[in-house]
Amino acid sequence: MNHSYFSSSIGRKQIVAATGLILILFILGHLAGNLFIYFGPEAFNHYAKKLAGLRPFLYLIEFGLLGIFLIHMYFTVLLVLENIKARGQTYRLKKDKGNPAWATKWMAYTGTLILVFVIYHLLDFTFTDHHGPRSMLVDGQSYGLYGVVYNSFLNPLHSFFYIICMIAVGTHLSHGVESFVQTFGFNHPRYTPKILKFSQCFAVVVTLGYSSIPIYIFLKNFNMASGICH
Ligand code: HEM
């Protein structure tokens with residue numbers, strides 16, 4: 001890989017696609033881990049502890065992920081700027097689905113929201129006291145990270161924000177898989193439409209999977225408050 005690879009449009013697209021794929025793997029793994037919430041505080045905290053037990057190796061993975069996230073964003077910004085320069089009139093774009101520049105623009109919007117979300121999310125769950133008042137439920141006992149997540153989603157506005165962001169993640173992923181297929185030239189009359197269909201289903205599963213967590217906590221709390229479930 002030489003310097004011209006990084007400055008060529010196709011080279012940049014391949015870097016964005018490859019780093020995007022790694023981020024998708026993280027999103028899937030993270031979703032699987034978060035679903036432990038359905039098995040109660042013990043199971044969820046046990047999973048979080050097991051993960052924390054992987055340190056210092058985990059720091060390496062986290063720094064790696066951060067690097068990949070930054071590279072993904074950096075080359076995306078270069079591509080968007082290149083696109084704007086080439087067209088010089090993005091404001092006149094038609095909003096039709098077949099318009100690749102519109103798709104790029106849409107990716108930029110959802111991508112920016114995801115960036116804002118990740119910063120907010122880290123402050124919300126990672127860089128917070130996992131054993132302080134935010135981890136305590138109605139009995140005044142600390143439920144660790146489970147309690148922090150539970151209490152966060154008791155706020156409907158906060159949950160709503162999360163769900164909007166999860167829709168952005170799903171849309172971004174669906175389009176990301178599509179671009180990946182195009183960028184690496186997998187073009188087959190029979191398989192490409194199937195891959196695209198798969199990317200859409202996959203995005204819906206990711207969006208619903210993540211969104212189900214705030215909805216579940218809201219309903220669980222609502223049922224407890226109204227005495228339907230104890
Ligand atoms: C309802 C949805 C989600 C829930 C309940 C959730 C939950 C959590 C929790 C509890 C942590 C803290 C882990 C710890 O400190 O041990 C965390 C960290 C993190 N989450 Fe999420 N998450 C959600 C969605 C997402 C999404 C969609 C993304 C990416 C776009 C994401 C990216 C991250 C990252 C980068 C970290 C820090 C990594 C780490 O601490 O290992 N999360 N999440």
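Just so it is clear, the structure is predicted and the values come from calculations on it, not from any experiment. Each chain carries its own residue numbering, running from 1 in the direction its sequence is written. Only residues with pLDDT of at least 70 are given local features in this predicted model, and only at 80 or more are side-chain atom pairs given and counted; all residues enter the totals for whole chains, interfaces and linings.

A.B. asks: How should I be thinking about the overall build of the protein chain in this particular structure?
C.D. replies: Helical segments are the DSSP runs of H or I of at least four residues, strand segments are the runs of E of at least two, and each set is numbered from the N terminus. Per the secondary structure count, the protein chain includes 8 helices and 0 strands. For the protein chain, the N- to C-terminal ordering of α and β elements is α-α-α-α-α-α-α-α. Looking at the protein chain as a whole, 18% of its 230 residues qualify as buried. Two residues qualify as a contact pair if the distance between their C-beta atoms, derived from the backbone, is within 7 Å. Relative to all contacts within the protein chain whose residues are 6 or more apart in sequence, the contacts with residues 24 or more apart total 66%. Three exposure classes are used, all based on how many other C-beta atoms lie within 10 Å of a residue's own C-beta (placed from the backbone): buried at 20 or more, exposed at 12 or fewer, and partly exposed between those limits.

A.B. asks: Looking at this model, I keep getting lost on the site of the ligand. Mind explaining?
C.D. replies: In the vicinity of the ligand, 19 residues are found, and the nearest of them are Ala48, Phe125, Thr126, Tyr210 and Ile213. Among the secondary structure elements, those contributing two or more residues to the shell around the ligand are helix H2 (9-34), helix H3 (41-52), helix H5 (100-126), helix H6 (144-152), helix H7 (156-183) and helix H8 (191-225). The biggest single contributor to the shell around the ligand is H5, with 6 residues. Across the shell around the ligand, the residue classes tally to 14 nonpolar, 4 polar and 1 charged. In this analysis a residue is considered near a molecule or strand if the C-beta atom, reconstructed from its backbone, is found within 6 Å of that molecule or strand. Classification used: nonpolar for Ala, Val, Leu, Ile, Met, Phe, Trp, Tyr, Cys and Pro, charged for Asp, Glu, Lys and Arg, polar for all others including Gly.

A.B. asks: Would you take a moment to explain unusual backbone geometry for this structure?
C.D. replies: Glycine aside, residues mostly have negative phi angles, and peptide bonds mostly take the trans form. In this chain, Arg55 is followed by Pro56 through a cis amide linkage whose omega measures 10 degrees. Here Pro56 shows up in the loop between H3 and helix H4 (57-87).

A.B. asks: Can you walk me through the nonpolar core in this structure?
C.D. replies: Soluble globular proteins tend to pack their nonpolar side chains together in the buried interior. In this usage, the nonpolar core is the set of buried Ala, Val, Leu, Ile, Met, Phe, Trp, Tyr and Cys residues whose C-beta atoms join them within 7 Å. Within the largest apolar cluster, 22 residues are counted, with the highest numbers of intra-cluster contacts made by Leu145, Tyr146, Val149 and Val169. Of all the secondary structure elements, the ones that give two or more residues to this core are H3, H6, H7 and H8. The dominant element in this core, judged by the number of residues it contributes, is H7, at 7 residues.

A.B. asks: Any chance you could explain the packing of H7 against H8 here in plain terms?
C.D. replies: When two helices pack together, their arrangement is given by the angle between the helix axes and the distance between those axes. Packing of H7 against H8 leaves a shortest axis separation of 9 Å and a crossing angle of 165 degrees. One finds that H7 runs roughly antiparallel with respect to H8. Here the hand of the crossing between H7 and H8 comes out right-handed. Of the residues in the contact of H7 with H8, the class split is 18 nonpolar, 9 polar and 1 charged. Structural elements are reduced to axes, namely lines fitted to C-alpha atoms, with helices fitted over the stretch in contact, and the angle between N-to-C directions of any two is expressed from 0 to 180 degrees. Convention used here: angles under 35 degrees read as roughly parallel, angles over 145 as roughly antiparallel, angles from 65 to 115 as roughly perpendicular, and any remaining angle as oblique. A crossing counts as left-handed when the near helix is turned anticlockwise from the far one by less than a right angle, and as right-handed when that turn is clockwise.

A.B. asks: Whenever I open this one, the packing of H2 against H4 confuses me. Can you help?
C.D. replies: It is the contact of H2 with H4, at a shortest axis distance of 9 Å, that shows an interaxial angle of 140 degrees. In the crossing of H2 with H4, the sense of the turn from one axis to the other is left-handed. On the side of H2, the interface is formed by Ser9, Arg12, Lys13, Ile15, Val16, Thr19, Gly20, Ile22, Leu23 and Phe26, while H4 contributes Leu65, Ile68, Phe69, Ile71, His72, Phe75, Thr76, Leu78, Leu79 and Glu82. Of the residues assigned to the contact of H2 with H4, the class counts are 12 nonpolar, 5 polar and 3 charged.

A.B. asks: What exactly am I supposed to notice about the confidence of the model for the protein chain here?
C.D. replies: The predicted coordinates ought not to be read in detail in places where the model reports low pLDDT. Confidence in the prediction for the protein chain averages 88 pLDDT; 90% of positions are at 70 or higher. Looking across the protein chain, the model is least confident in helix H1 (residues 3-7), with a mean pLDDT of 79, and most confident in H6, with 97. Across the chain, each position has a pLDDT score giving the predictor's confidence in that residue, from 0 to 100.

A.B. asks: Sorry, what's going on with the environment of Asp124 here?
C.D. replies: Mapped onto the elements, Asp124 comes out in helix H5. Along the primary structure Asp124 and Val149 are separated by 25 residues, whereas in three dimensions their C-alpha atoms are 8.6 Å apart.

A.B. asks: Help me understand H3 in this model?
C.D. replies: A rise of 1.5 Å per residue sets the reference length of H3, with its 12 residues, at 16 Å; its end C-alpha atoms lie 16 Å apart and thus fit the reference within 8%. Considered for burial, the residues of H3 that qualify are Pro41, Phe44 and Ala48. The arc that holds every buried residue of H3, seen down its axis, measures 80 degrees, which confines them to one face. The exposed residues of H3 that point more than 90 degrees off its buried face are Glu42, Lys49 and Lys50. Of the surrounding elements, those touching the buried residues of H3 are H6. A helix's residues, less one, multiplied by 1.5 Å, set its expected span. Directions from the helix axis toward the C-beta atoms define the arc.

A.B. asks: Help me understand the environment of Ile68, please; the structure alone is not making it clear to me.
C.D. replies: Assignment of secondary structure puts Ile68 in helix H4. Taking C-alpha positions, Ile68 is 9.7 Å from Ile15, a pair spaced 53 residues apart along the chain. Apart from residues no more than four positions distant in its own chain, Ile68 is found in contact with Thr19, Ile22 and Leu23.

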